[in-house]
Number of protein chains: 2
Amino acid sequence: MDYPSKVLAKAVDEISGLPGIGKKSALRLALHLLRQPASQGVALGTAIQNLVIDIKYCKDCHNFSDNDICEICADDKRNAEVLCVVEDVRDVMAIENTSKFKGKYLVLGGKISPMEGVGPAQLHIDSIEKKLETGEVKELIFALSATMEGDTTAYYIYKKFKQFNVQFSSIARGISVGDELEYADEISLGRSIVNRLPYNEKL
Amino acid sequence: MDYPSKVLAKAVDEISGLPGIGKKSALRLALHLLRQPASQGVALGTAIQNLVIDIKYCKDCHNFSDNDICEICADDKRNAEVLCVVEDVRDVMAIENTSKFKGKYLVLGGKISPMEGVGPAQLHIDSIEKKLETGEVKELIFALSATMEGDTTAYYIYKKFKQFNVQFSSIARGISVGDELEYADEISLGRSIVNRLPYNEKL
C-alpha cells in the first residue's frame with residue numbers, strides 16, 4: 001500500500017513489527033494517535049524508548065526491576081526458604097496477583113524447547129544452583145506451564161539438583177475453579193483423580 | 001496488577017491507551033519489545049513521535065502529506081474536474097489501491113454523527129465550497145460509508161451545494177465480488193436489483 005506521507009509509512013512499518021499487529025491494524029493505531037493530542041503520541045514513544053533503554057533485571061532472580069535487586073528479593077519479610085521457579089516475568093505477576101505466595105522467585109527466562117532452539121544454557125539455571133548452594137532454600141516449587149516443554153524443564157532441573165537437600169514440588173494441576181467436569185480434558189481430570197486431596201471445608 | 005518495574009508499568013499504561021489493546025496485550029507487546037534488540041524499541045518510539053509531531057495535512061484536500069500540498073493534489077495529470085469526497089485518509093488509500101480513480105480527493109475528516117457529537121462544522125465542508133467556487137469541479141462523487149451517518153453526510157453536502165453547476169454521484173452499492181446472493185443482506189440485494197446495470201462483457 002502507498003501511504004500519503006513518509007512519517008506515516010515509517011510509523012505503520014514500525015508498529016506492524018509488533019506481534020499480532022498487521023499493516024491494517026498498525027494504520028488504524030497510527031490514525032488513532034493522529035486524532036489525539038500530539039502529547040499522547042509523544043508520551044507513548046517516550047515510554048517505549050524508556051522501557052527498552054532503562055529496564056533492569058534483578059541480579060538475584062532475573063525479574064524486571066528498577067534497581068539491581070528487585071523489590072521481592074529485597075523484601076526481608078518474604079520467605080527465602082521457598083523458591084518458586086517460573087518461566088517468565090508474567091508468571092511472577094500472575095502468582096503475585098493471587099497473594100498466596102510469600103516466598104521468592106527465580107525467573108528462568110523461558111523453557112527448554114529444542115523446537116525453538118532453547119536449551120538449558122539459555123536459561124538462568126545456574127542462578128538456581130547459586131541459590132541452592134547457599135543452603136538457604138528448603139523447598140523448590142516448579143510453577144511451569146503444563147506442557148511438554150514445561151515438564152521437560154522441571155525434569156531437567158530436578159535431575160541436575162536432586163543431590164541438594166531440598167524438597168521439590170510442583171503447583172497442583174487439576175480442575176480449574178468453575179470448570180464443569182464433562183468439559184474438562186481427560187488428562188487434567190485423570191490427574192485430579194489420581195492426586196485427589198483430603199476433603200477440607202476450606203478447600 | 002502490580003508491575004515489577006516503573007518503566008514497564010509506564011509503558012504498559014501508555015500502550016494500553018491505544019484502541020483495542022488492553023493491559024494484558026500491552027504487557028505482551030512490552031515483553032516482546034524487551035526480547036528484541038533495544039534498537040527496535042527506540043526506532044518504534046521515534047517513529048511514533050515523528051508521526052505525531054511531523055505529520056502535515058494537505059491544505060487543499062486535508063489528506064496527510066509530507067508537504068503543504070499532497071502528491072495527489074500537486075499532480076497535474078490527475079483530473080481536477082472530478083472530486084471524490086471521502087471520510088478518512090484510509091478511504092483515499094483504499095481507492096488509490098484500486099488504481100481506478102484519476103480525479104482528486106477531499107477528506108472530510110469524519111461524517112455527521114449527532115451520536116458522537118460530530119456536526120457539519122467539524123468537517124471540512126468549507127473546503128468543498130472553496131473547490132466548487134473555483135468552477136473547476138464538474139462532478140462530485142460521494143465515496144462515503146453505506147451507513148446512516150454516511151447517507152446523512154452526503155445529503156447535507158448535496159443540499160448545501162446543489163445550486164452549483166455540478167453533477168453529484170455516489171459510488172455504486174450492490175453485491176460485492178465473490179458474494180453469494182443467498183447470504184447477501186436484503187438492502188444491498190434490493191438496491192442492486194433496482195440499480196441494475198446494462199449487461200456488459202467487461203463488467
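Bear in mind the structure is a predicted one, so any value in this text is a computation, not a measurement. (Residues numbered from 1 in each chain as written. Chains lettered and ligands numbered in written order. Predicted model: local features only at pLDDT ≥ 70, side-chain atom pairs only at ≥ 80, totals over all residues. Heavy atoms only, no water.)

Novice: Explain the environment of Asp68 of chain B here, please?
Specialist: All names here are of chain B. By secondary structure assignment, the location of Asp68 is in the loop between strand S2 (64-65) and helix H4 (71-74). Linking Asp68 and Leu83, residues 15 residues apart in sequence, is a C-alpha distance of 19 Å. The contact partners of Asp68, leaving out residues within four places of it in the chain, are Lys56, Tyr57, Cys58 and Lys59. (Helix = DSSP H or I, 4+ residues; strand = E, 2+ residues; numbered from the N terminus. Contact = heavy atoms within 4.5 Å.)

Novice: Just to check I follow, could you spell out the domain arrangement of chain A for this structure?
Specialist: Reports of interface size often rely on the accessible area that becomes lost once the parts have come together. Structurally, chain A comprises domain 1 (6-54) and domain 2 (74-171). Here domain 1 of chain A and domain 2 of chain A have C-alpha centroids that lie 36 Å from each other. (Domains from an automatic or database assignment.)

Novice: Got a minute to help me understand the environment of Ala154 of chain B in this structure?
Specialist: Residue and element names in this part refer to chain B. As for its position among the elements, Ala154 is in helix H7 (residues 148-161). For Ala154, a relative accessible area of 16% corresponds to the buried category. Here the alpha-carbon distance between Ala154 and Val85, two residues 69 residues apart in the chain, equals 9.0 Å. (Buried < 20%, exposed > 50% of the residue type's maximum accessible area, 1.4 Å probe, protein only.)

Novice: What am I meant to see in the pattern of salt bridges here?
Specialist: Between side chains of opposite charge, a pair can form as their charged atoms come close. Considering all chains together, one arrives at 18 salt bridges over all chains under this definition. Here Asp66 of chain B ties to Lys6 of chain A by a salt bridge, and the two come within 3.8 Å at their closest N and O atoms. Taken together, the positions of Asp66 of chain B in the loop between S2 and H4 and Lys6 of chain A in helix H1 (residues 6-15) put the pair across two chains. Using a relative accessible area of 27% as the deciding quantity, one classes Asp66 of chain B as partly exposed. Salt-bridge contacts for Arg78 of chain A lead to Glu96 of chain A; the nearest nitrogen and oxygen are separated by 2.8 Å. Of this pair, Arg78 of chain A sits in the loop between helix H4 (71-74) and strand S3 (79-86) while Glu96 of chain A is found in helix H5 (residues 89-98), placing the two residues 18 residues apart along the sequence. Given a relative accessible area of 10%, Arg78 of chain A falls into the buried group. Look at Glu96 of chain A and you get partly exposed, because its relative accessible area is 28%. (Salt bridge = Lys/Arg side-chain N within 4 Å of Asp/Glu carboxyl O.)

Novice: Would you mind going over the packing of aromatic side chains with me for this structure?
Specialist: Aromatic rings in a pair are described by how distant their centres are and how their planes are angled relative to each other. Taken as a whole and assessed by the stated rule, the structure comprises 10 aromatic pairs over all chains. Here the aromatic rings of Tyr57 of chain A and Phe64 of chain A are separated by 5.1 Å at their centres, their planes lie at 50 degrees, and the arrangement is tilted. On the basis of relative accessible area, Tyr57 of chain A is assigned to the partly exposed category, the value being 41%. Under the relative-accessibility criterion, Phe64 of chain A is labelled buried at 4%. Between Tyr158 of chain B and Phe168 of chain B, the ring centres sit 5.1 Å apart and the planes meet at 80 degrees, which makes this aromatic pair edge-to-face. Within this pair, whereas Tyr158 of chain B is found in helix H7, its partner Phe168 of chain B is found in strand S6 (residues 167-170), the two being separated by 10 residues in sequence. For Phe168 of chain B, a relative accessible area of 19% gives the class buried. Following the ring pairs from residue to residue traces out a cluster consisting of Phe142, Tyr158 and Phe168 of chain A. (Phe/Tyr/Trp six-rings, centres within 6.5 Å; stacked < 30°, edge-to-face > 60°.)

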